[in-house]
Amino acid sequence: MIRIIAGNHKKRKLHSVPGRSTRPTSDFNREMIFGTYQEFEGKKVLDLFAGTGAFGLEAISRGALWVDFVEFANAAISTILTNISILGCGDICHLYRKRVEAFLKDCESSYDIIFLDPPYDKNLINPTLRTILERKLLNPGGVVMVEHSRKEKLTEDLLPFVIKQKEGKTCCFSWLTYDPDTF
């Protein structure tokens, strides 16, 4: 079971996606992520490769105004819907059943916070980040929080946008921001 760490829904338990197709972020790593960046009040959030929805639901618990979840796998979609129901927050979020690339290509919104936690070692981090930056999907002063495999490094063109990085045993966490007028 996954739990909400802090906020209005603190200690509420969430369901995990059955099977091994989805790799949930541990409570320890989520505490580190949410301990590093804590400005969620009134923010519009995008949770890409949403899995269980834990990142976006944690943001809601901490005061996010709105969360869009993007997920394609049927088992994960069912889990996210269950978790939204558990927290009773269906009025402040939306779940898109789409591949992330297709969602980003068609997206007409911009966000204050974007969570990016794709499957490890599938070469999804850099192209997804480039699309977010090129399409100006991050509001000025916004932050993209990325969980990625230690083997999958950010490319040199993205390093100027990195404001913080932390490494765990098997994964890395990177926080990026940018001014869309200078990209």
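Structural data are supplied above this passage.
## Quick notes on helix α3 (residues 74–87)
In this model, α3 (14 residues) spans 20 Å end to end at C-alpha, consistent with the 20 Å of a helix rising 1.5 Å per residue. For α3, the set of buried residues is A76, I77, T79, I80, N83, I84 and L87. Looking straight down α3, one finds its buried side chains confined to an arc of 165 degrees; they lie on one side. Pointing more than 90 degrees away from the buried face of α3 are the exposed residues N74 and S85.

## Regarding the sheet that holds strand β9 (residues 171–176)
The strand order β5-β4-β3-β6-β7-β9-β8 describes an open sheet built from seven strands, whose pairing is mixed. Of all the strands in the sheet, the pair left with one neighbour each is β5 (93–97) and β8 (162–167). Averaged over all pairs of adjacent strands, the angle between their axes in this sheet comes to 15 degrees, without regard to strand direction. Strands β3 (44–48), β4 (66–71), β5, β6 (111–116) and β7 (138–149) of the sheet are contacted by helix α2 (residues 54–61), whose axis makes an angle of about 175 degrees with β4. Its contacts with the sheet put α3 on β4 and β5, and the angle it makes with β5 is roughly 170 degrees.

What counts and how
Residues numbered from 1 in each chain as written. Predicted model: local features only at pLDDT ≥ 70, side-chain atom pairs only at ≥ 80, totals over all residues. Heavy atoms only, no water. Helix = DSSP H or I, 4+ residues; strand = E, 2+ residues; numbered from the N terminus. Expected span 1.5 Å × (residues − 1). Buried < 20%, exposed > 50% of the residue type's maximum accessible area, 1.4 Å probe, protein only. Arc of directions from axis to C-beta. Pairing = 2+ DSSP bridges. Axes fitted to C-alpha atoms, helices over the stretch in contact; angles between N-to-C directions. Contact = heavy atoms within 4.5 Å.

Shape descriptors only; they carry no functional weight alone.
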